[in-house]
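The chain contents come next:
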Amino acid sequence: PAGDPSAMAQAGVLLTKEPAPQAVPASDLPVKVCEVALNAGPDSSSGLATAGFRTAKYLLPEWRRSNSDLYHKAFTGCEQAERGRAEAKELAEHAAATAQRAQQDSTAALGQRLQDIYFWKAELQKEIEDLDAETGLLAAQKLRLEKALDATKVPYAIATDNLQCRERRQPPDLVSDEVERELLKEAELIRNIQELLKRTLTQAGNQMRLNRDHKEVCEMDWSDKVETYNIDDKCGRYSNQSTNIQFHPSSVKFEESASTPETWAKFSHDNIYRAEREKLASINLRALIDNILHDVSEDLRMQCAAVNEAFAKRCEELDDTKHKLEHHLKKILKEIGDQEANIAALKEAIRDKEAPMKVAQTRLYDRSFRPNIELCRDEAQFRLISETEELTESIESLKKKLLESEQSLRNLEDTRMDLEKEIAVKTNSIFIDRQKCMAHRTRYPVVLKLAGY
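Note that the coordinates shown come from a computational prediction; the quantities given were computed from them, not determined experimentally. (Residues numbered from 1 in each chain as written. Predicted model: local features only at pLDDT ≥ 70, side-chain atom pairs only at ≥ 80, totals over all residues. Heavy atoms only, no water.)

(A) Representation of unusual backbone geometry. In this structure, the amide linkage connecting Pro 171 to the following residue, Pro 172, adopts the cis form with an omega of 5°. Along the polypeptide, Pro 172 turns up in the loop between helix H4 (153-166) and helix H5 (178-237). Unusually for a residue other than glycine, Asn 372 sits at a positive phi of about 45°. Looking at the secondary structure, you find Asn 372 in the loop between helix H6 (261-367) and helix H7 (379-441). (Helix = DSSP H or I, 4+ residues; strand = E, 2+ residues; numbered from the N terminus.)

(B) Spatial organisation of the packing of H5 against H6. Where H5 meets H6, the axes come as close as 9 Å, and the angle between the chain directions of the two elements is 165°. With respect to each other, H5 and H6 are oriented roughly antiparallel. Seen along the crossing, H5 lies across H6 with a hand that is left-handed. Partitioned by chemical class, the residues of the contact of H5 with H6 number 26 nonpolar, 9 polar and 10 charged. (Axes fitted to C-alpha atoms, helices over the stretch in contact; angles between N-to-C directions. Parallel < 35°, antiparallel > 145°, perpendicular 65-115°, else oblique. Left-handed = near helix turned anticlockwise from the far one by under 90°. Nonpolar A, V, L, I, M, F, W, Y, C, P; charged D, E, K, R; others polar.)

(C) Structural context of the environment of Lys 121. Structurally, Lys 121 can be placed in helix H3 (residues 60-151). Exposure remark for Lys 121: the relative accessible area of 14% places this residue in the buried category. The sequence separation of Lys 121 and Val 226 amounts to 105 residues, and the corresponding C-alpha distance is 7.0 Å. Those residues in contact with Lys 121 that sit more than four places away from it in its chain are Trp 222, Lys 225 and Val 226. (Buried < 20%, exposed > 50% of the residue type's maximum accessible area, 1.4 Å probe, protein only. Contact = heavy atoms within 4.5 Å.)

(D) Examining the confidence of the model for the protein more closely. Averaged over every residue, the pLDDT of the protein is 86; residues scoring 70 or more account for 88%. Per-element mean pLDDT across the protein ranges from 39 in helix H1 (residues 5-16) up to 95 in H5. In the predicted structure, residues 1-48 sits below a pLDDT of 50 and forms 25 contacts with residues beyond four places in sequence or in another chain. (pLDDT = per-residue confidence, 0-100.)

(E) Spatial organisation of the pattern of salt bridges. Under the defined criterion, the tally for this structure stands at 37 salt bridges. Taking the shortest distance from any N to any O, the salt bridge between Arg 367 and Asp 378 comes out at 2.5 Å. Residue Arg 367 is found in helix H6, and its partner Asp 378 is found in the loop between H6 and H7; the two are separated by 11 residues along the sequence. You can call Arg 367 buried: its relative accessible area is 18%. The shortest N-O distance in the salt bridge between Glu 420 and Arg 416 comes to 3.0 Å. Of this pair, Glu 420 and Arg 416 are both found in helix H7, 4 residues apart, which corresponds to roughly one turn of the helix. Taken together, the shared-partner salt bridges connect Arg 166, Arg 169, Asp 177, Glu 180, Arg 314, Glu 317 and Asp 433 into one network. (Salt bridge = Lys/Arg side-chain N within 4 Å of Asp/Glu carboxyl O.)

(F) Structural view of the packing of aromatic side chains. The tally for this structure, following the rule as stated, stands at 3 aromatic pairs. Arranged with centres 4.9 Å apart and planes meeting at 85°, the rings of Tyr 365 and Phe 369 form a pair that is edge-to-face. We note Lys 121 situated over the ring of Tyr 229; from NZ or CZ to the ring centre the distance is 5.6 Å. (Phe/Tyr/Trp six-rings, centres within 6.5 Å; stacked < 30°, edge-to-face > 60°. Lys NZ or Arg CZ within 6 Å of the ring centre and 35° of its normal.)

(G) Focus on the nonpolar core. By size, the foremost hydrophobic cluster in this structure holds 21 residues, and its most contacted members are Leu 145, Leu 197, Ile 289, Leu 293, Leu 300 and Tyr 444. Sorting the residues of this core by element identifies H3, H5 and H6 as the ones contributing at least two each. Tallying contributions element by element places H6 first for this core, with 7 residues. Filtering out sequence-adjacent residues up to four positions away, Leu 197 remains in contact with Leu 145, Ala 148, Leu 149, Thr 152, Ile 292 and Leu 293. If you look at the next biggest cluster of nonpolar residues, it comprises 18 residues, including Leu 329, Ile 336, Leu 409 and Leu 412. (Core = buried A, V, L, I, M, F, W, Y, C linked by side-chain atoms within 4.5 Å.)

(H) Expanded view of a nonpolar patch on the surface. There is a patch of nonpolar side chains on the surface, built from Val 446, Leu 448 and Tyr 453 and spanning about 360 Å² of accessible area. Structurally, Leu 448 is set in helix H8 (residues 447-450). Note on Leu 448: relative accessible area 57%, which makes it exposed. (Patch = residues over 30% accessible without salt bridge, like charges linked within 9 Å, V, L, I, M, F, W, Y side chains within 5 Å. Areas by Shrake-Rupley, 256 points an atom, 1.4 Å probe, with all protein chains shown as cover.)

Okay, structure coming up:
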């Protein structure tokens, strides 16, 4: 029963000792129904005499139930307090573990982020160094182009000077020969080469500008990566024992302009891709410049050899023609001498016929004075007349031959003058081609200089 001392002692034990949370399961206590006995006996006064006393007091079952409710309330309060303390301890341990795990995860994430940043930083640095080296190589090729362009000025000056010198040839040597055609071809080739080198120089300059622009973009990205790496490295070194940590509530948010990991990686990837594309274009341009300079030097060398060969053939032809003219001049001079001697002989022969003519005509003249019948057409008369006619005919023939010889001599003299003039023209042409042009062409640049070295 409720008033039993053993029961009270047991209740005292339960109240003084800390109950285990799992000892008494939480449950609703049974409701006791207490019935109040009504006094309806024969001695009853219908409750009128004791009404005041009865209303101010509890019945014993009520007292017992009140105590029991208080015991139960105390027990429940202790149980709830113990459960709250256990939950608070568990929550604190869980919060500590969660915070530690979150900090470890954050540190690991920062470490992974540092690896990603370091990877892209290294890739950007490698690309910057490659672009810088490639730009230097392209600058060297550009310098070769400039040297090659400067070197073409000498061949062009030589070609134009040769053409101008050959304009001073005298007719009939002022002809459009193979040498002139090769010189014109050489001048046109050099002009085309100069235009090509100028265009390539412009292209190389533009490519170097693009290389520097993309190198600058990569450098800016690399600089941001370095700064970010230092920031994240500092953040990764923070711990609960750090002295330079403090509250920053306003930083717990995402910036509207913040990038995502995908856009962040894509940004550096695109920068490297564009830089690689320009580097490849620069490499291809350097190879193209190499081919251009090689082809240009070879073309100029081959054209120079063709011009020199044409000059050599032309000078050989002029020498041969001059030698033939000199040989003919020698023959003409000999023939002139012979003809002059012939003319002198003819004149002498004509003079030699004068005395026989005089003798014959004097005989005829004297015989014309024969008297009377003595003036006879005798054999002597016929022979004298025949002699005179023969002498006259001979003299006429000699005079005719003399005229022919003199005309021939004049023709020979004219031919001699023509030959001497032509020999002088050939000598002048040989002097121009050999002494002027070919001597000037010895200053032609070597192949290495034309290749830009």
